Structures are given as structure tokens and as C-alpha cells.
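Letter by letter, the chains look like this.
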Amino acid sequence: QVQLVESGGGSVQAGGSLRLSCAASGTILSINYMAWYRQAPGKQRELVAAVTSGGSTSYADSVKGRFTISRDNAKTTVNLQMDSLKPEDAAVYYCNLRVVDLSRRWNDYWGQGTQVTVSS
């Protein structure tokens with residue numbers, strides 16, 4: 001079993017910055033990708049950013065140029081640096097990892113979610 005613990009959410013004024021972190025624990029044999037999703041009230045969960053084990057990154061159009069995803073495979077940590085935050089970025093942010101665990105199969109794991117609030 002793999003556990004993900006998120007940290008770094010909070011409240012910030014528009015234009016400010018926050019850094020989210022997600023640390024994985026447990027037995028991980030291989031990582032496919034690490035990602036951040038978000039879900040605002042009344043909306044579907046959406047992919048914000050992802051990074052593959054090879055280091056390739058992708059971003060939602062709405063956050064390109066403002067958010068940066070990074071990972072440390074050795075520590076199985078994925079971070080999301082969020083700059084120039086806008087009120088529309090407010091949501092609960094979830095980290096997501098696709099890994100091979102002790103089952104020796106690919107499985108998806110999710111963090112518990114961390115709230116990001118952006119005031120105008």
C-alpha cells in the first residue's frame with residue numbers, strides 16, 4: 001500500500017504564490033507519472049499538471065506559465081509551485097501517482113486533498 005500526504009495549501013491574495021508538496025510512502029517499485037488535479041465546488045476534477053518518470057511535463061492551458069511541477073523520484077515527492085494565483089485557481093488540489101506497488105501492477109493513488117483559497 002502506498003500513502004500520499006499533501007501539504008502547502010492555504011489562503012493567498014490574487015497575484016500571490018503557494019507551493020504544494022506531496023510525499024509518498026510505502027513500497028513503490030516503479031513510477032509512471034506524478035500529477036496534480038484540482039476540483040472547485042460544482043466542477044469536475046481537472047488535471048492541472050503532470051510529470052512523467054522521464055521528466056516530461058504537461059500543464060493545463062489555464063496554468064501554463066504560472067505553475068511549475070517538479071518531482072524527486074528518489075524521495076517520491078512531487079511539488080507544485082503556483083505563482084500569479086488567480087481567484088479561479090481556488091480549489092481542492094489532489095496529488096495523484098501511478099505506480100507499481102507490491103501487487104506488481106500499475107495502480108493509481110490519491111492524496112487527501114489540500115485547500116487553496118485565492119482572494120481578489
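Residues numbered from 1 in each chain as written. Predicted model: local features only at pLDDT ≥ 70, side-chain atom pairs only at ≥ 80, totals over all residues. Heavy atoms only, no water.

## Some remarks on the overall build of the protein chain
Phase 1: Broken down by element type, the protein chain carries zero helices and eleven strands.
Phase 2: Starting at the N terminus and ending at the C terminus, the protein chain contains elements arranged as β-β-β-β-β-β-β-β-β-β-β.
Phase 3: Its C-alpha atoms give the protein chain a radius of gyration of 14 Å, near enough to 14 Å, the size a compact globule of 120 residues would have.
Phase 4: Counting only C-alpha atoms, the protein chain reaches 45 × 25 × 25 Å along its principal axes.
Phase 5: Relative to its full complement of 120 residues, the protein chain shows a buried share of 42%.
Phase 6: Within the protein chain, contacts between residues at least 6 apart in sequence are counted, and of these 55% link residues at least 24 apart.
Phase 7: Here the protein chain contributes 12 positive and 9 negative side-chain charges, whose respective centroids are spaced 4 Å apart. (Helix = DSSP H or I, 4+ residues; strand = E, 2+ residues; numbered from the N terminus. Rg over C-alpha atoms; globule rule 2.2 N^0.38 Å. Buried < 20%, exposed > 50% of the residue type's maximum accessible area, 1.4 Å probe, protein only. Contact = heavy atoms within 4.5 Å. Lys, Arg positive; Asp, Glu negative; His and termini not counted. Charge placed at Lys NZ, Arg CZ, Asp CG, Glu CD.)

## Concerning the packing of aromatic side chains
In this description, an aromatic ring pair is defined by two values, namely the gap between the centres and the angle between the planes.
Phase 1: Applying the stated criterion across every chain, the model contains one aromatic pair.
Phase 2: Above the face of the Tyr94 ring, Arg45 is positioned so that its terminal group lies 3.8 Å from the ring centre. (Phe/Tyr/Trp six-rings, centres within 6.5 Å; stacked < 30°, edge-to-face > 60°. Lys NZ or Arg CZ within 6 Å of the ring centre and 35° of its normal.)

## Observations concerning unusual backbone geometry
Phase 1: Look at Ser84: it is not a glycine, yet its phi comes out positive at around 50°.
Phase 2: Topologically, Ser84 is positioned in the loop between strand 8 (77–82) and strand 9 (91–100).
Phase 3: Despite not being glycine, Arg104 shows a phi value in the positive range, around 65°.
Phase 4: Of note, Arg104 is situated in the loop between strand 9 and strand 10 (106–110).

## Overview of the nonpolar core
Phase 1: Among the nonpolar cores identified, the biggest contains 31 residues, and Trp36, Val78, Leu80, Met82 and Tyr93 are the most heavily contacted of them.
Phase 2: At five residues, the largest contribution of residues to this core is made by strand 9. (Core = buried A, V, L, I, M, F, W, Y, C linked by side-chain atoms within 4.5 Å.)

## Details of the environment of Arg104
Phase 1: Looking at Arg104, the relative accessible area reads 66%, which means it is exposed.
Phase 2: Between the C-alpha atoms of Arg104 and Leu29, which are 75 residues apart in sequence, the distance is 7.6 Å.

## Notes on the sheet that holds strand 3 (residues 18–26)
Phase 1: The strand order 1-3-8-7 describes an open sheet built from four strands, whose pairing is antiparallel. The sheet terminates laterally at strand 1 (2–7) and strand 7 (67–72), the two strands that pair on one side only. Geometrically, the sheet is characterised by an average inter-axis angle of 15° between neighbouring strands, direction not taken into account. (Pairing = 2+ DSSP bridges. Axes fitted to C-alpha atoms, helices over the stretch in contact; angles between N-to-C directions.)

## Structural notes on the pairing of strand 10
Phase 1: As defined by bridge partners, strand 9 adjoins strand 10 across five bridges and the pair is classed as antiparallel. Looking at strand 10, one finds that Val99 is bridged to Asn107.
Phase 2: Counting the residues in the hairpin turn of strand 9 and strand 10 gives five residues, including Arg104, whose phi is positive at 65°.

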